[in-house]
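Each chain, written out:
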Amino acid sequence: MDRLVAIMARLRDPATGCEWDCAQDFATIAPYTIEEAYEVADAIARGDMADLKDELGDLLLQVIFHSRMAEEAGLFALDDVATAISDKMERRHPHIFGGAAEGGHYLWEKIKAEERAAKGEASTLDGVAIGLPALLRAEKLQKRAARTGFDWPDADGPRAKVIEEIAEIDAAGVDQREEEVGDLLFSVVNWARHLGVDPETALRVANAKFEARFKAMEAEAGEGFSGLNLDAKEALWQAVKRRAG
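Procedures and definitions
Residues numbered from 1 in each chain as written. Predicted model: local features only at pLDDT ≥ 70, side-chain atom pairs only at ≥ 80, totals over all residues. Heavy atoms only, no water. Salt bridge = Lys/Arg side-chain N within 4 Å of Asp/Glu carboxyl O. Helix = DSSP H or I, 4+ residues; strand = E, 2+ residues; numbered from the N terminus. Buried < 20%, exposed > 50% of the residue type's maximum accessible area, 1.4 Å probe, protein only. Axes fitted to C-alpha atoms, helices over the stretch in contact; angles between N-to-C directions. Parallel < 35°, antiparallel > 145°, perpendicular 65-115°, else oblique. Left-handed = near helix turned anticlockwise from the far one by under 90°. Contact = heavy atoms within 4.5 Å. Nonpolar A, V, L, I, M, F, W, Y, C, P; charged D, E, K, R; others polar. Expected span 1.5 Å × (residues − 1). Arc of directions from axis to C-beta.

1. Focus: the pattern of salt bridges
Here the idea is simple: oppositely charged side chains can pair when their charged atoms come close.
Here's step 1: Evaluation of the coordinates by the stated rule reveals twelve salt bridges.
Here's step 2: With a closest N to O distance of 3.8 Å, Glu71 and Arg68 form a salt bridge. In this pair, Glu71 and Arg68 both sit in helix α4 (residues 49–72), three residues apart, roughly one turn of the helix.
Here's step 3: Relative accessible area serves as the criterion here: at 40%, Glu71 is assigned to the partly exposed category.
Here's step 4: Looking at Arg68, the relative accessible area reads 24%, which means it is partly exposed.
Here's step 5: With its nearest N and O atoms 3.1 Å apart, the salt bridge here joins Glu211 to Lys215. You can see Glu211 and its partner Lys215 sitting in helix α11 (residues 199–221), four residues apart, about one turn around the helix.
Here's step 6: Relative accessible area serves as the criterion here: at 47%, Lys215 is assigned to the partly exposed category.
Here's step 7: What emerges from the salt-bridge pattern is a single network uniting Arg12, Arg68, Glu71 and Glu72.

2. Some points on the packing of helix α8 (residues 134–147) against helix α10 (residues 177–194)
Here's step 1: At a minimum axis distance of 9 Å, the contact between α8 and α10 shows a crossing angle of 60°. Taken together, the axis directions place α8 and α10 in an arrangement best described as oblique. Handedness of the crossing formed by α8 with α10: right-handed. Between α8 and α10, the contacting residues are Leu135, Ala138, Glu139, Gln142, Lys143 and Ala146 on the first element and Phe186, Val189, Asn190 and Arg193 on the second.
Here's step 2: In terms of residue class, the contact of α8 with α10 is built from five nonpolar, two polar and three charged.

3. Things to note about the packing of α8 against α11
Here's step 1: Contact geometry of α8 with α11 gives a least axis separation of 9 Å together with a crossing angle of 155°. For the element pair α8 / α11, the angle class is roughly antiparallel. In this structure, α8 uses Leu135, Leu136 and Glu139 to contact α11, whose residues at the interface are Pro199, Glu200 and Leu203.
Here's step 2: Residue composition of the contact of α8 with α11, by class: four nonpolar, no polar and two charged.

4. Digging into helix α9 (residues 156–171)
Here's step 1: Compared with the 22 Å implied by 1.5 Å per residue over 16 residues, the 23 Å span of α9 between its first and last C-alpha is a close match.
Here's step 2: Regarding α9, the residues found buried are Gly157, Pro158, Val162 and Glu165. Around the axis of α9, the buried residues are gathered within 140° of arc, so they sit on the same side. Within α9, the exposed residues directed more than 90 degrees away from the buried face are Asp156, Asp170 and Ala171.
Here's step 3: Of the surrounding elements, those touching the buried residues of α9 are α10.

Right under this line is the structure:
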């Protein structure tokens, strides 16, 4: 860890460091941080532990990078980051590190609510990061709202809402479609949540399935794939789908 910290300090040296690294700031590095987190998730999904080791290293570098920039600005350093998360984990597990008789999800949420209140976050929805992917943020907003009792009792309610939103898209004018499609996606996330399905994971699996099947279609048709009419492409799709099982 000390070696990695020293490497980043050298890369950021304004006199002898890397020109690209020196030119970065928190905003320009943030997209790379998000990308590396997704590459960690991808390695886990593929069960590639060698790749996971590499991707965790890339993600760790992002933490080092942000911490170094903060240290240069006199804000905080890597040790402060480690101290803050250590304090938080101990605070949120008083049944392990303190005198609480028992823990569990309720206690965790109670402590998090107290932390939000201490930060001056008045709404239950405060603190759900705007920078999250929209699908994930929708789920988190819904879970927060559900804690107050604002939720459907079962999956029938959100299912009916999905059907209602589809009808509203059909009736919407061109200038209203974006909003109505957004409402539909939000409702689908809610339905998935009630079915016990992680919508982000479900969509990632669907993306991978489509990608694999489309590539199989291209391979089977060869260079003439683009020139095939839609009926021929649909026949290829169905054949690939049957083989995939």
